[in-house]
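# Reading the structure
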Amino acid sequence: MSLPDSELPRTEDEWRVRLSPEEFRVLREHGTEPAWTGEYVDTKTPGMYRCRACGAQLYPSDTKFDSHCGWPSFDDAIPGAIKEIEDNSLGMRRTEIRCARCDSHLGHVFHGEGFTPKNTRHCVNSLSIRLDPSGA
C-alpha cells in the first residue's frame, strides 16, 4: 500500500497530479479541513492509519481517541513516522506534524491537555490519512 521510494513525487507539480485538489491543499500547502467534516472524525474501525500521500504507516487505530475537537485525534504515532516542526503562523505558537517519509502536512500536535495518560493529542486532518482496515 505504500508507494515505493522510486515512485514518490519529487516536485509539487508531480504531487498535484497524484492528489485531489482538496488533498493537495491540505497535504502539500499545509491547509486544514473544516472541523467535523472529515471522514475519520468518529471512525472506530480497527486498522492502521497511513499517510494519504505516500502510504507510510502513521497511527495504529488503538491510539485514536475522542477529543471532541472536530478532527481525528491520536495520542501516539509509530516511532519515526512523524516529524515535528515549529509553527508560528496565524499568530499562534504550535507544533506542526508532517509525514517523515514524504514531508506532507498532517496537522498539529498538542501536549499537556490531559486527554489521555500520554498527555498528547495529534490533531490530524482526515484528508491527510487513509484507514487500512487490514492493519498491514
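What counts and how
- Along each chain, the written sequence defines residue order, and numbers are assigned to residues from 1.
- Per-residue local features of the predicted model are confined to residues with pLDDT of at least 70, and side-chain atom pairs are confined, for both listing and counting, to 80 or more; whole-chain, interface and lining totals are unaffected and use all residues.
- Hydrogens are left out, water is left out, and the side-chain values use all remaining heavy atoms of the structure.
- UniProt positions are given in the numbering used here, feature names are shortened, and annotations may be inferred rather than shown by experiment.
- Per the convention used, a helix needs a DSSP run of H or I reaching at least four residues, while a strand needs a run of E reaching at least two, with both numbered from the N terminus.
- Whether a residue is buried, partly exposed or exposed follows from its accessible area with a 1.4 Å probe, protein chains only, as a fraction of its type maximum: under 20%, in between, or over 50%, in that order.
- Residues scored as positive are Lys and Arg, those scored as negative are Asp and Glu, and His as well as the terminal groups of each chain are ignored.
- We define a salt bridge as a side-chain nitrogen of Lys or Arg found within 4 Å of a carboxyl oxygen belonging to Asp or Glu.
- Contacts described as polar in this section are N or O atom pairs within 3.5 Å, which, within protein, must combine one atom able to donate a hydrogen with one able to accept it, while residues neighboring in sequence count only if both atoms come from side chains.
- Every residue pair with non-hydrogen atoms within 4.5 Å of one another is taken to be in contact.
- A strand pair is defined by DSSP finding two or more bridges across the two strands.
- The rule is simple: put a 1 Å grid over the protein atoms alone, call a set of points where a 1.4 Å probe fits but cannot get out a cavity, call an open set with protein on both sides within 12 Å along at least five of seven lines a pocket, and count a residue as lining if it has an atom within 4 Å of a point.
- Grid points are joined across faces, edges and corners, and a volume is the space filled by probe spheres set on the points.
- Gly is put with the polar residues, along with every residue not named as nonpolar or charged; the nonpolar set is Ala, Val, Leu, Ile, Met, Phe, Trp, Tyr, Cys and Pro, and the charged set is Asp, Glu, Lys and Arg.

Named according to an unreviewed UniProt entry, the chain is peptide-methionine (R)-S-oxide reductase originating from Micromonospora craterilacus. Note on the chain: under the UniProt heading Cofactor (unreviewed entry), the record states "Zn(2+)". Quoted straight from UniProt, the Catalytic activity (unreviewed entry) entry for the chain says "L-methionyl-[protein] + [thioredoxin]-disulfide + H2O = L-methionyl-(R)-S-oxide-[protein] + [thioredoxin]-dithiol".

As a further point, take the side chain of K64. Along the chain, K64 falls in strand β3 (residues 64-65). Buried and unpaired, K64 has D66 as its nearest opposite-charge partner, separated by 5.1 Å. For K64, the side chain forms a polar contact with the main-chain oxygen of Y40, separated by 3.0 Å. Look past the residues within four positions of K64 in its chain and what remains in contact with it is Y40, V41, D42, T43, Y49, P72, S73 and F74.

Quick look at the pattern of salt bridges now. Under the definition given, this model contains 14 salt bridges. The shortest N-O distance in the salt bridge between E23 and R52 comes to 3.3 Å. Here E23, found in helix α2 (residues 21-27), pairs with R52, found in the loop between β1 (48-51) and β2 (57-60); they are 29 residues apart in sequence, far enough to count as distant. Between K83 and D103 there is a salt bridge, with its nearest N and O atoms 2.8 Å apart. Pair noted here: K83 is in strand β5 (residues 82-87) and D103 is in the loop between β6 (94-99) and β7 (105-111), with a separation of 20 residues, a long-range link. In this structure D103 comes out as partly exposed when scored by relative accessible area, which is 27%. When salt bridges with common partners are traced through the structure, they connect E23, E39, R52 and R130 into a single cluster.

Here we take up the sheet that holds strand β8 (residues 120-124). Here 6 strands make up an open sheet; going across it, the order is β3-β4-β8-β7-β6-β5 and the pairing antiparallel. If you trace the sheet from one side to the other, it starts and ends with β3 and β5, each paired once. In this structure, β7 lies alongside β8, joined through 5 bridges in antiparallel fashion. Looking across to β8, one finds that V109 is bridged to H122.

As a volume, the largest pocket reaches approximately 150 Å³. Taken together, T32, W71, R94, H105, G107, H108, F110, R121, C123, V124 and N125 make up the lining of the largest pocket. Elements supplying a minimum of two residues to the lining of the largest pocket: β7 and β8. Broken down by element, the lining of the largest pocket gets its largest block of residues, 4 residues, from β7. Across the lining of the largest pocket, the residue classes tally to 4 nonpolar, 5 polar and 2 charged.

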